[in-house]
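Read off the chains here:
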Amino acid sequence: MTVPPRPPARSGDEPTSASDRATATDGDHRDPGHGSGPEATSQPSPPEPAGARARLAPLTRLTRLTKVQLLAAVLLGALGFGLVVQARQTGDGDLSSLSQSELVRVLDDVSRQSERLDAEARDLEETQNELRSGTDRAAAAEKATRERLDVLGILAGTDPAQGPGITIRIEDPQALVDSATLLDTVQELRDAGAEAIQFGQVRVVASTSFTDPSTAGGIVADGVEQSPPYRIVAIGDPATMESALNIPGGVLETLHQVGASGTVQRRQDLTVSAVREVTGPTYAVPRTEN
């Protein structure tokens, strides 16, 4: 039997026989990098696929973000701890520098002030309760009014006064003490807390005047002329008033500079007997509510 001749092979034709297909397949899967010789051993490893890198990118970003957050939390904690320690040191620094005696004095001052405030609060509560009670309201109001009148009578000089205080005797043999010096003495006593003052036979109040007479040798207080030695009675805290008169540049030093002298004595029971007559105002009238 006659076999027809095979057509010539073309470059673009696929192999037709099984052996040819096997040969072609083996040629296609042959790795050029696995050839023999020195060049085959120095070839680099194949690169990582792009899909794997895309899957690992979120995990890498999450790891970096977690580290940043942890570092920020540590820094914030350290900052908060430092602020707390600094605040405690600042709060304790006011008293930590004081000595034991100074701390005791501060504690005593606070205790005395607390006791005074407690006593005032109790008195105010008692007065409030008396005024609010229905049966004793009138009596409590009358009592409070009388106490107020007594205080105003002493301050205005219309009532006598008694209590602890000091006496001042001013010797002026050469009649060199003028009215300004006597006025400074009265002002110094008032600044020291004197509640009632008497100069000779005159009750000293806010409107009292001191003038020099036309002839030397005395002081005119509210129109009453008085001659040395002068005597002043002041009711108040004896220690405070005496200290005020003895300060450098004070009343006693001024008297010594002009050639006079002053003697101060403390007393626990003094009486200011001079009073002033009550006179009505000429121009002022009580203000009426609209």
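Only a predicted model underlies this, so the values are computations on that prediction, with no experimental measurement involved.

Scoring rules and cut-offs
Residues numbered from 1 in each chain as written. Predicted model: local features only at pLDDT ≥ 70, side-chain atom pairs only at ≥ 80, totals over all residues. Heavy atoms only, no water. Helix = DSSP H or I, 4+ residues; strand = E, 2+ residues; numbered from the N terminus. Buried < 20%, exposed > 50% of the residue type's maximum accessible area, 1.4 Å probe, protein only. Contact = heavy atoms within 4.5 Å. Areas by Shrake-Rupley, 256 points an atom, 1.4 Å probe, with all protein chains shown as cover. Expected span 1.5 Å × (residues − 1). Arc of directions from axis to C-beta. Salt bridge = Lys/Arg side-chain N within 4 Å of Asp/Glu carboxyl O. Phe/Tyr/Trp six-rings, centres within 6.5 Å; stacked < 30°, edge-to-face > 60°.

Time to look at the overall build of the protein. For the protein, the count of helices and strands is eight helices and eight strands. Sorting the 290 residues of the protein into buried and exposed places 19% on the buried side. Taking the contacts inside the protein whose residues are at least 6 apart along the sequence as the reference set, 69% of them involve residues at least 24 apart. Here the protein has roughly 22,000 Å² of accessible surface; of this, 55% comes from carbon and sulfur atoms.

Compared with an ideal rise of 1.5 Å per residue, which puts 13 residues at 18 Å, helix α6 (residues 179-191) spans 18 Å between its outermost C-alpha atoms and is within 8% of the ideal. For α6, the full list of buried residues reads S179, T181, L182, T185, V186 and L189. Buried positions in α6, seen along its axis, are confined to an arc of 165° and lie on one side of it. Phi turns positive one or two residues past the end of α6, at G193, with a value near 100°.

We now examine the pattern of salt bridges. By the definition in use, this model includes three salt bridges. Ionic pairing is found between E242 and R266, a salt bridge with its closest N-O pair at 2.4 Å. One end of the pair, E242, is in helix α7 (residues 238-245); the other, R266, is in strand β8 (residues 261-272), with 24 residues separating them in the sequence.

Taken as a whole and judged by the stated rule, the model has two aromatic pairs. Pairing F199 with F210 gives two aromatic rings, centres 5.6 Å apart and planes at 65°, and the pair type is edge-to-face. Of the two residues, F199 sits in strand β2 (residues 196-199) while F210 sits in strand β4 (residues 210-211), which places them eleven residues apart along the sequence. As far as the burial class goes, F199 and F210 line up, both buried. When the centroid spacing of 5.7 Å and the interplanar angle of 35° are considered together, the rings of F199 and Y230 count as tilted. Residue F199 is found in strand β2, and its partner Y230 is found in strand β7 (residues 230-235); the two are separated by 31 residues along the sequence. You'll find F199 and Y230 in the same group, each marked buried. A network of ring pairs unites the aromatic residues F199, F210 and Y230 as a single cluster.

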